[in-house]
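Here are the chains, one letter per residue:
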Amino acid sequence: MSTRKNAKTSKAARPEDIVGNGGELHQAVEGDARMTTAQGIPMSDNQNSLRVGDRGPTALEDFAMREKIFHFDHERIPERVVHARGYGAHGVFECYEAVPELTRAAPFQQRGKQTEVFVRFSTVAGNLGSIDLARDVRGFATKFYTDEGNWDLVGNNIPVFFIQDAIKFPDLVHAVKEEQDRGFPQAQSAHDTFWDFVSLMPESTHMTLWQMSDRAIPRSFRFMQGFGVHTFRFVNAAGDAKFVKFHWTPLQGLQSVVWNEAVKINGADPDFHRRDLYEAIEAGDFPEWELGVQIFDDTFADEFDFDVLDPTKVIPEELVPVTPLGKMTLNRTVDNIFDETEQVAFCTGNIVPGIDFTNDPLLQGRNFSYLDTQLKRLGSTNFTKLPVNAPKCPVMHFQRDGHMQTEVHRGVANYEPNSLQGDERGPRADVEQGFQTVARQEGGQMRRIRAESFADHYSQARQFYISQSPVEQQHIIDAYTFELGKCVRPEVRLAVLANLRNVDEDMAAIIADGLAMELPAASEPAAAPVDLEASPALSMTAHAPESFAGRKLGLLVSDGAPAAAVKAVLNAAKAAGVTVKVVAPGVGGVTLSDGKKLAADEAIAGGPSVLFDAVSLVPGADTVADLAANPAAKDFVSDAFHHFKFIGVGADAEQLLESAGVAMKRDAGFVDIGSRASVEAFLQTCAALRYWERAVFAP
Ligand code: HDE
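Treat the numbers as computed from the prediction; the structure is a model and nothing was measured. (Residues numbered from 1 in each chain as written. Predicted model: local features only at pLDDT ≥ 70, side-chain atom pairs only at ≥ 80, totals over all residues. Heavy atoms only, no water.)

J.: Help me understand the overall build of the protein in this model?
T.: Across its full length, the protein carries 19 helices and 20 strands. Expected size for 699 residues packed as a compact globule is a radius of gyration near 27 Å; at 29 Å, the protein falls within 12% of this value. Principal-axis analysis of the C-alpha atoms places the extent of the protein at approximately 90 × 85 × 55 Å. Considering only contacts within the protein whose residues lie at least 6 apart along the sequence, 72% involve residues at least 24 apart. In the structure as shown, the protein presents an accessible area of about 33,300 Å², 53% of it carried by carbon and sulfur atoms. Computed over 67 positive and 96 negative side-chain charges, the inter-centroid distance for the protein is 6 Å. (Helix = DSSP H or I, 4+ residues; strand = E, 2+ residues; numbered from the N terminus. Rg over C-alpha atoms; globule rule 2.2 N^0.38 Å. Contact = heavy atoms within 4.5 Å. Areas by Shrake-Rupley, 256 points an atom, 1.4 Å probe, with all protein chains shown as cover. Lys, Arg positive; Asp, Glu negative; His and termini not counted. Charge placed at Lys NZ, Arg CZ, Asp CG, Glu CD.)

Rendered as structure tokens:
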């Protein structure tokens, strides 16, 4: 009896593992493959704990089981309070041209100089196990392993922030995360506490406009910008400093999804963004970003309409263009999510010679906060020694001991100054080349105060809105209407509407209409907004991709699909750098018109069209009726249509279009495909990503 049970529990063993009568595994083990405990003691059995008799109690002296379960019980570390859900990758930054006149930072000193990097993208509000496509700001944190230490550029995909002073950050985060009495909603700002808080903090208005824009539902990490947000300083070897704002621009172009699509993607593939990055890198389609800086001096800062220390403001690129400095390529996925992505510890305080801070009050608060967080999460001041955090340049100091010290410090010197000689002496500070803070005069009364120059909360919000294309504006309106519609307290909706009137009267009125509410009186702004010129660079359309490369095409087929058309799609897409996923009624695939088998990547229910950037419909003439009767196939087509996607239409697809209710709505977003040339033309059309003109047909 007991033997039978043991045999059953050991079923998961690989075929070469032989389970003996006693339930132990007898395996041929050679050299390094021998399993041990963490103390290196060889294990004789990893299936059964030590027990007295066949069915008796487990013995306390089973140190191997105790150690294994002890380690397992402690596998989790606290997740990040914010940015818990993230995904990382390794890569390299390559400098375009040396810019020693601008900065002495090591990555920018020689043309072609390569610096290793690790990047972690993240959502902000959701917990570790939440969905990828929440409407949210995305973190874009980069660790440069420079020759002179680690430089962490811990930015977001939106160039402004919600608050001006670090002291408000805990309130902001409490407000956006799950409500404390019920533990939901998860990963969403669409609830009372968030909108209540921001309605009372008008400085958030600019950021919420960005957050309600399509920027907050990116199609992929590969297709989003990144920003350092704060104003930093670049410092050259002579100590001359200039202000800079950092920009990451994806060479793949910018792209987002539409909200209805995001909602469905989260069900179909909650790991949509991490899967996308993983698959692209594994396929050798390495994503690239250009790092650029807006450079300006004190004169510009003094004359600019806003305070350059205020993190709720941008500097329009039309005033200060972005100077490209180099290119980052992400070319390696991590080997282990916990060891690398989870344990990576970013600190805004990590800057290297050639870079310096400013007095942005949010940045100053962050510099204090991140070190604290890392100690809490990683449990030891020695977190800098974990492989993903360790600098790749020499590290020499007299810091000693602490939890989980992994180094063995030899010799007698653990203090300085010392009179020891030679190798015994240890390191010394380098007055010439060591990090120097830019000398600056600071003064004034110590008070709790917000500078007057931070008081205009609406002008740039309005500028952002009027810089968007009509489609982008509509999406912002839809997002506000959706989010405020999720607030159960009418007074919260009214307070937000009162603020939005200071941004754009029409926008506020349409949102109020969508909520079926009367517009309240406008709130009283701290400083009267001024009319600024539109800044075209703020619209995503300014950064549209040039081709459909790097995107995904869903190819819907059924038995008897014309082989020539299917091959034309597969070959033309490959040549254009487009990934094709074959979607069929069954994941086993279909038989094409030439009798050959075509394997499928997804069954229709598992591969809805929301997972693709465009779709092609190439059913078989005799089986299209089955597809037309298949609810998942109908959704595939109808969703593609309502999400403004380009649709390649095979010769026998008409019945499917009819059953999906789109046959009568054919527009220029539908392209007939069959021959190689027609597929190539279709893929070129797809470079526009979406057929927005369809919006007028949408119900
Ligand atoms: Fe963060 N932030 N933050 N933040 N932040 C963290 O640090 C914090 C802010 C950002 O992928 C935490 O290691 C304070 C602005 C990113 O590991 C924490 C303030 C911006 C990441 C923390 C801010 C960011 C974090 C949580 C206001 C955009 C993820 C875990 C003063 C420029 C990094 C951690 C990663 C992470 C604190 C404001 C970006 C709690 C106190 C502004 C991308 O320390």
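So that's the structure; there's more coming.
J.: Which parts of the structure should I look at to understand empty space enclosed by the protein?
T.: If a probe the size of a water molecule is rolled over the atoms, the empty space left behind becomes visible. Counted according to the given criterion, the structure contains four cavities of 30 Å³ or more. If you add up the space inside the largest cavity, you get close to 150 Å³. Residue lining of the largest cavity: 19 residues in total, with Pro159, Phe227, His247, Gln294 and Val314 positioned closest to the centre. Considering each element in turn, the lining of the largest cavity owes the most residues, three residues, to strand β9 (residues 241-250). Partitioned by chemical class, the residues of the lining of the largest cavity number nine nonpolar, six polar and four charged. Lining the second largest cavity are Trp195, Val198, Ser199, Ser204, Thr205, Thr208, Tyr480, Val496, Asn499 and Leu500. For the lining of the second largest cavity, the elements supplying multiple residues, two or more each, are α4 (192-200), α5 (205-212) and α13 (490-500). Counted by class, the lining of the second largest cavity contains five nonpolar, five polar and no charged residues. (1 Å grid on protein atoms, 1.4 Å probe; cavity = no way out; pocket = protein on both sides within 12 Å on 5 of 7 lines; lining within 4 Å. Points joined across faces, edges and corners; volume = space filled by probe spheres on them. Nonpolar A, V, L, I, M, F, W, Y, C, P; charged D, E, K, R; others polar.)

J.: In this structure, what is going on with the packing of aromatic side chains? I would like to understand it.
T.: Note on aromatic pairs: each is described by the distance of the centres and the angle between the planes. The final tally for this structure, using the stated rule, is 29 aromatic pairs. Here the aromatic rings of phenylalanine 93 and phenylalanine 144 are separated by 5.6 Å at their centres, their planes lie at 75 degrees, and the arrangement is edge-to-face. In this pair, phenylalanine 93 is assigned in strand β3 (residues 86-95) and phenylalanine 144 in strand β5 (residues 138-146), connecting sequence segments 51 residues apart. With a relative accessible area of 0%, phenylalanine 93 lands in the buried category. (Phe/Tyr/Trp six-rings, centres within 6.5 Å; stacked < 30°, edge-to-face > 60°. Buried < 20%, exposed > 50% of the residue type's maximum accessible area, 1.4 Å probe, protein only.)

J.: Even after reading the chapter, I still don't get the site of the ligand, so can you show me in this structure?
T.: In the vicinity of the ligand, 20 residues are found, and the nearest of them are Arg80, Arg120, Tyr370, Thr373 and Gln374. Tyrosine 370 is positioned such that a nitrogen or oxygen atom in its side chain is 2.7 Å from a nitrogen atom of the ligand. A distance of 2.9 Å separates an oxygen atom of the ligand from a polar atom in the side chain of glutamine 374. Those elements giving two or more residues to the shell around the ligand turn out to be β5, β6 (149-156) and α10 (361-378). Among the elements that line the shell around the ligand, the one with the most residues is α10, at six residues. (Near = heavy atom within 4 Å. Polar contact = N/O pair within 3.5 Å; in protein donor to acceptor, adjacent residues only side chain to side chain.)

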